[in-house]
Amino acid sequence: GLDDELAACAITIQPYVDASLPSDRYAHVAPIEYAQTSDLRVELLRADPQVLGLSEPFTTTLRRRCVEMVAYLALHRHESVTGERLRTRVLTHADVDASLRTLANTASAVRRSLGVDARGPRLHPVTSSGLYVTHGLTSDVEIFSTLIARARQLSVNDAAPLAHQALLLIKGEPLASALRGFEWFLAEGHGARLARDGEWAALALHHS
């Protein structure tokens, strides 16, 4: 529905298919998994962010905040996150920081929905110093970045299968349907890195 001038400036990302080659060109390449099968996965490479594998759905009234909080914790899962950072950077709205009660209620809903495994609650109890720690949580953004990082170390032909796997993770414009929140995703550079890595992956496939 775009006019021709605007359409000429648009870029559409689709799974790479080279018509001159068999459709199963990369069928021999084993998928690379960086998460345990028991891990929950946050999907942000799509219009509507989702958390897959929940023990129970998020509380309806807190769902948006819960998804965003889990997304932040997943992208920072190798570090301890302070409650203050969650209040002021993640759960804030209209430049107003979330209250301690909002943080506590959201964290409780998240902990309940993430459930437990052999190691206990996937969202650990808050530490005495106010830190939020998780386990058993991953994201498509992390998998995408890991694939691209490995591909960049290889020759063009060897990198192509990994670039192909990475691009197949993209299911739509990231966070396009998230009308509120996720300002931190852009402010921390995640969006810019995705755009850079996506462009590199597309070029790697083109030149393979």
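The shown structure was predicted, so the numbers you read here are calculated from the model rather than taken from an experiment.

### A few points about the overall build of the protein
Summing up its helical and strand segments, the protein has 8 helices and 7 strands in all. Scored against the burial criterion, the 208 residues of the protein give a buried share of 38%. Taking the intrachain contacts of the protein between residues at least 6 apart in sequence as the baseline, contacts between residues at least 24 apart amount to 68%.

### A closer look at the packing of helix H2 (residues 63-75) against helix H4 (residues 100-114)
Between H2 and H4, whose axes approach to 9 Å, the crossing angle comes to 75 degrees. For the element pair H2 / H4, the angle class is roughly perpendicular. For the pair H2 and H4, contact is made by Arg65, Cys66, Met69 and Val70 and by Thr102, Leu103, Thr106, Ala107, Ala109, Val110 and Leu114, respectively. Counted by class, the contact of H2 with H4 contains 8 nonpolar, 2 polar and 1 charged residues.

### Quick word on the pattern of salt bridges
Per the stated rule, a full pass over the model turns up 11 salt bridges. A salt bridge links Arg46 to Glu43; the nearest nitrogen and oxygen atoms lie 2.4 Å apart. Measuring nitrogen to oxygen at the nearest pair gives 2.7 Å for the salt bridge that ties Glu142 to Arg77. With Glu142 in helix H5 (residues 140-151) and Arg77 in the loop between H2 and strand S3 (81-82), this residue pair connects regions lying 65 residues apart in the sequence. Assessed through its relative accessible area of 22%, Glu142 is described here as partly exposed. Take Arg77: its relative accessible area is 25%, and that puts it in the partly exposed class. If you follow the salt bridges from partner to partner, you end up with Arg41, Glu43, Arg46 and Lys171 in one network.

### Remarks on unusual backbone geometry
At Leu175, a position not held by glycine, the phi torsion is positive, near 65 degrees. Relative to the helices and strands, Leu175 resides in the loop between helix H6 (156-168) and helix H7 (183-187). One non-glycine residue, Phe182, lies in the positive phi region at around 65 degrees. Inspection of the secondary structure puts Phe182 in the loop between H6 and H7. The exposure class assigned to Phe182 is buried, which follows from its relative accessible area of 7%.

### Concerning H6
Look at H6: 18 Å from first C-alpha to last across 13 residues, which is about the 18 Å you get at 1.5 Å a residue. Buried within H6 we find Ala159, Ala160, Pro161, Leu162, Ala163, His164, Gln165, Ala166 and Leu167. The secondary structure elements touched by the buried residues of H6 are H5 and helix H8 (190-207).

### Some words on the sheet that holds strand S2 (residues 50-52)
Within the open sheet, the 3 strands sit side by side as S2-S1-S7. Their pairing is mixed. Here the strands that pair on one side only, and so sit at the sheet edges, are S2 and strand S7 (137-139). With strand direction ignored, the average angle separating the axes of adjacent strands in the sheet is 25 degrees. Both strand S1 (residues 40-43) and S2 contribute to a ladder of 3 bridges, which runs antiparallel. When the sheet's bridge partners are listed, Glu43 is paired in S2 with Gln50. Contacting S1, S2 and S7, H2 runs over the sheet at an angle of about 90 degrees to S7.

Cut-offs and rules
- Residues numbered from 1 in each chain as written.
- Predicted model: local features only at pLDDT ≥ 70, side-chain atom pairs only at ≥ 80, totals over all residues.
- Heavy atoms only, no water.
- Helix = DSSP H or I, 4+ residues; strand = E, 2+ residues; numbered from the N terminus.
- Buried < 20%, exposed > 50% of the residue type's maximum accessible area, 1.4 Å probe, protein only.
- Contact = heavy atoms within 4.5 Å.
- Axes fitted to C-alpha atoms, helices over the stretch in contact; angles between N-to-C directions.
- Parallel < 35°, antiparallel > 145°, perpendicular 65-115°, else oblique.
- Nonpolar A, V, L, I, M, F, W, Y, C, P; charged D, E, K, R; others polar.
- Salt bridge = Lys/Arg side-chain N within 4 Å of Asp/Glu carboxyl O.
- Expected span 1.5 Å × (residues − 1).
- Pairing = 2+ DSSP bridges.

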